[in-house]
Amino acid sequence: MFKVDASQDNFDCYIRENNYYVDKTEIIYDYLGKWFESKIMFTRPRRFGKTMIMTMFRDFLDNTQKSEDLFKGLKIMEHKELVEKYMNQYPVIFLSLKNVKGHEFTSVYRLLRNQISDAFDNHRYLLDSNALSDENKEIYSKLMKGEADQEAMIEGISFLCKMLKRYWDKGVFVIVDEYDVPMADSLGTPAYDDVLDMIQKMLGSVCKTNSNVKSVMISGCLYTVKNSSYTGLNNIRPKTILTNRYARYFGFTDEEVKRVLAAAGYLDKYDEVGRTYDGYIFGNTHIYNPWDVMNYISFLDDNDGISPDEPQLFWASTSETRLDLIHGFLGRTADALEDFEKLLTDQPLVKIINENIPYQRLHESGDNLWAGMLETGYLTKAEKQGRSGTLTLCIPNLEVREVFQQEVKNFFEKHVDIASVNLFVDAMWNSNAEGARESLDLILQSTISYLHAYHEYTYHLVLDGFFTGQKYRTHSEMEAGFGRSDLIITDMIRNRALVLELTHVQKESQLEAGIKEACGQIISKKYVSGLVYDGYTEIHKYGMAFYDKQCLIREFQ
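Residues numbered from 1 in each chain as written. Predicted model: local features only at pLDDT ≥ 70, side-chain atom pairs only at ≥ 80, totals over all residues. Heavy atoms only, no water.

## A closer look at the overall build of the protein
Going by this rule: Secondary structure counts use DSSP, requiring at least four H or I residues in a row for a helix and at least two E residues in a row for a strand, with both numbered from the N terminus. Residue burial is assigned from relative accessible area. The probe radius is 1.4 Å, only protein chains are included, and a residue is buried under 20% of its type maximum, exposed over 50%, and partly exposed in between. Residue contacts follow a heavy-atom distance rule, with two residues in contact if any of their heavy atoms lie within 4.5 Å. Only the protein chains shown count as cover for residues, and the accessible areas themselves come from Shrake-Rupley with a 1.4 Å probe.
If you tally the helices and strands in the protein, you get 22 helices and 17 strands. Among the 557 residues that make up the protein, the fraction classed as buried is 57%. Nonlocal contacts in the protein, meaning residues at least 24 apart in sequence, comprise 72% of its contacts between residues at least 6 apart. A total accessible area of about 24400 Å² is found for the protein, and carbon and sulfur atoms account for 45% of it.

## Focus on the layout of surface pockets
As a reminder of what qualifies: Here a cavity denotes grid points, spaced 1 Å and computed from the protein atoms alone, that fit a 1.4 Å probe unable to get out, and a pocket denotes an open set having protein on both sides within 12 Å along at least 5 of 7 lines; residues with an atom within 4 Å of a point are the lining. Grid points are joined across faces, edges and corners, and a volume is the space filled by probe spheres set on the points.
Of the pockets and cavities examined, the second largest pocket occupies roughly 690 Å³. Around the second largest pocket, the lining is made up of 32 residues, and of these Asp 9, Arg 47, Phe 48, Gly 49 and Trp 291 lie nearest the centre. Among the secondary structure elements, those contributing two or more residues to the lining of the second largest pocket are helix H3 (50-61) and helix H13 (290-302). Take the lining of the second largest pocket: its biggest share by element is four residues, from H3.

## Overview of the pairing of strand E17 (residues 550-555)
Regular strands have side chains that alternate between both faces of the sheet. Spelled out, the test is: We treat two strands as partners when DSSP finds at least two bridges between them.
Residues Cys 551, Ile 553 and Glu 555 point to one face of E17 and are all buried, whereas Gln 550, Leu 552 and Arg 554, pointing to the other face, are not buried. Where strand E16 (residues 538-547) meets E17, six bridges bridge the pair, whose relative direction is antiparallel. Bridge pairing in E17 links Met 544 to Ile 553. The turn linking E16 back onto E17 is made up of two residues, and Asp 548 within it adopts a positive phi angle of 50°.

## Some points on the nonpolar core
This is how it is decided: As used here, the term nonpolar core means buried Ala, Val, Leu, Ile, Met, Phe, Trp, Tyr and Cys residues forming a set that is joined through side-chain atoms within 4.5 Å.
In this structure, Ile 27, Ile 28, Phe 60, Phe 71 and Phe 404 are the most contacted members of the largest nonpolar core, which totals 82 residues. Ranked by size, the runner-up nonpolar core spans 53 residues in total, among them Val 108, Ala 119, Leu 143 and Ala 191.

## Remarks on empty space enclosed by the protein
Rules: By the convention adopted, Pro, Cys, Tyr, Trp, Phe, Met, Ile, Leu, Val and Ala count as nonpolar, Lys, Arg, Asp and Glu as charged, and the other residues, Gly among them, as polar.
Going through the model one piece at a time under the given rule, you end up with two cavities of 30 Å³ or more. Along its surface, the second largest cavity is lined by Leu 95, Ile 157, Val 174, Val 176, Met 202, Leu 203, Val 206 and Val 216. Elements supplying a minimum of two residues to the lining of the second largest cavity: strand E3 (172-177) and helix H10 (192-207). Tallying contributions element by element places H10 first for the lining of the second largest cavity, with three residues. Of the residues belonging to the lining of the second largest cavity, the class tally is eight nonpolar, no polar and no charged.

## Describing the packing of helix H2 (residues 26-34) against H3
Helices that pack against each other are described as a pair by the angle of their axes relative to one another and the distance between those axes. To keep things clear, this is the line we draw: Inter-axis angles, ranging from 0 to 180 degrees, are taken between N-to-C directions of lines fitted to C-alpha atoms, where helices are fitted over the stretch in contact. Here the angle decides the label: under 35 degrees means roughly parallel, over 145 means roughly antiparallel, 65 to 115 means roughly perpendicular, and every other value means oblique.
Between H2 and H3, the least distance of the axes is 10 Å, while the angle of their chain directions is 70°. Relative to H3, H2 is oriented roughly perpendicular. Residue-level inspection shows Ile 27, Ile 28, Tyr 31 and Leu 32 of H2 in contact with H3, the latter providing Ile 53, Met 56, Phe 57, Phe 60 and Leu 61. For the contact of H2 with H3, the class distribution of residues is nine nonpolar, no polar and no charged.

## Section: the pattern of salt bridges
Just so we agree on the cut-off: Should a side-chain nitrogen of Lys or Arg be within 4 Å of a carboxyl oxygen of Asp or Glu, the pair is scored as a salt bridge.
By the definition in use, this model includes 18 salt bridges. Between Arg 16 and Asp 12 there is a salt bridge, with the nearest N and O atoms lying 3.1 Å from each other. Here Arg 16 and its partner Asp 12 are both found in helix H1 (residues 11-16), four residues apart, which amounts to about one turn of the helix. Glu 178 is the partner of Lys 50 in a salt bridge, and the nearest nitrogen-oxygen pair spans 3.7 Å. Taken together, the residues span a long stretch of sequence, with Lys 50 in helix H3 and Glu 178 in the loop between E3 and helix H9 (181-186) at a distance of 128 residues. The network of salt bridges with shared partners includes Arg 46, Lys 50, Glu 178 and Asp 180.

## A word on the confidence of the model for the protein
Using the following cut-off: As a per-residue measure, pLDDT reflects the predictor's confidence and takes values from 0 up to 100.
On average, the protein scores 85 in pLDDT, and the residues at 70 or more come to 87%. Within the model, pLDDT remains below 50 along residues 448-453, and this stretch shows 13 contacts once partners closer than five positions in the same chain are excluded.

## Remarks on the sheet that holds strand E11 (residues 473-476)
Taken together, five strands build an open sheet; the order of strands is E11-E14-E15-E16-E17 and the sheet is mixed. Looking at the sheet topology across the chains shown, the edges are occupied by E11 and E17. Direction aside, neighbouring strands of the sheet carry axes that sit 20° apart on average. Where strand E15 (residues 496-504) and E16 come together, nine bridges link them in parallel fashion. Bridge assignment links Arg 496 to a residue of E16, and that residue is Glu 538. Its contacts with the sheet put helix H21 (residues 511-524) on E15, E16 and E17, and the angle it makes with E16 is roughly 145°.

## A closer look at the packing of aromatic side chains
Just so we agree on the cut-off: Classification of ring pairs rests on two measures: the distance between centres of Phe, Tyr or Trp rings, Trp counted by its six-membered ring, which must be within 6.5 Å, and the angle between planes, read as stacked under 30 degrees, edge-to-face over 60 and tilted in between.
Throughout the structure, instances matching the rule amount to 27 aromatic pairs. Relative to Tyr 246, the ring of Trp 35 lies with its centre 5.6 Å away and its plane at 90°, an arrangement referred to as edge-to-face. Here Trp 35, found in the loop between H2 and strand E1 (39-43), pairs with Tyr 246, found in the loop between strand E5 (237-239) and helix H11 (254-264); they are 211 residues apart in sequence, far enough to count as distant. The exposure class of Trp 35 is partly exposed, given its relative accessible area of 26%.

In structure tokens form, the structure reads like this:
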């Protein structure tokens, strides 16, 4: 029986609950047996399997566990020499900072203190050991109870490493998962600088050169600690989404997706999954979003295998960076909207990308924001790259495209005169094409400062935003008749609909020809047929032609 729990990201629990597992254990061999580095950081977008990987390393290495049954049948067990050398052979300190967040420093510190105290509690057997002096046991006890002062708590992990090395006579593996969540959550608040300083001090005390630590493994979304003044942090070797090494272990490869879908009985959904959730390139590897794939399978299970009418935004609805990155970007730079439109119309977008950007600098420039959106999964690099020093960026899939469209629509809703929008919408429903044109002209005039250039998709998004804001249901590029209509707006309560076909012309003299072309498209493609079949009794059909700030609107029967 196929079983999957997409919400479970703890390796031990996931395996013991008999969930279907896409075997990523070969990363253990690659890291420990081939490319070992004593200070390493994995950066990937949220929900791409970082926690599953980090807890897997913990469960494999931890010498207080017996993990043979947990890894039975998995690829890592084929490497017998490495298994004998490392499995359950080393002391491990594991910290998860994914819930260490808040907008006040005191609350963030309290949550971090609890994590550090728990780490000490996990090794409380040290208090019964003769390897520790009475003085060290007293310090240990205070740290375990969270009673030490703030400075001692922040540097407590370094002390714990020293005690574990003394007891086991082996270097310690320190694993810190989602290290940058505290900074991401406090961004834009007075607490940010103090939170950043606290996390850097903690990591710096562990990463500095000492014989107590065998390895420090860190995961996060952005690589923000380079150039820190804390000793040891500059020695961290980042493995980002642009790094080819380890690329196939975070997310699902194409072959893995096929196996998962086949096991679940949904291999016929492969193309649909590809359109909606594929599209990432990590290093040189094509990657699917694993959170999306597994949640999509669960959706199908809950709905008798019937595909959703619209893309399900599983990953996008969980992201904590969307508001700061995308929503905060629009209107910030003169060409932001034009760049967004290029992305939405599949045009190449070439940008300079700096991977080493602290959170507080994300909004300093457009280039920083593009880098932030790349690192957090809202963009990916294209297969064909630009000139040296730049990357060609694109939207990875339909899910993320939907996020971009919604953010642009929301932007326009906030920057146009609502009274003019109401007049425009009312005119469209009442067959007043000239009144609709006058209102739309006013709207275009008011948004000129936000639009660097006009293209058809700009008008498409503006109109979509108007009707969505009025609580009508909008259908963008929906299959209708013998083609795909630009916009169909439905009012189910009053049983009425609007069919809008848009065209953008290069010269003012071409507006009349453009309006005829748009109207002809509605007729030749029979866009109305589906609405008639569904029982809509009032259907308004409009052709709309645009040139810069000017438009023509014509309704025809």
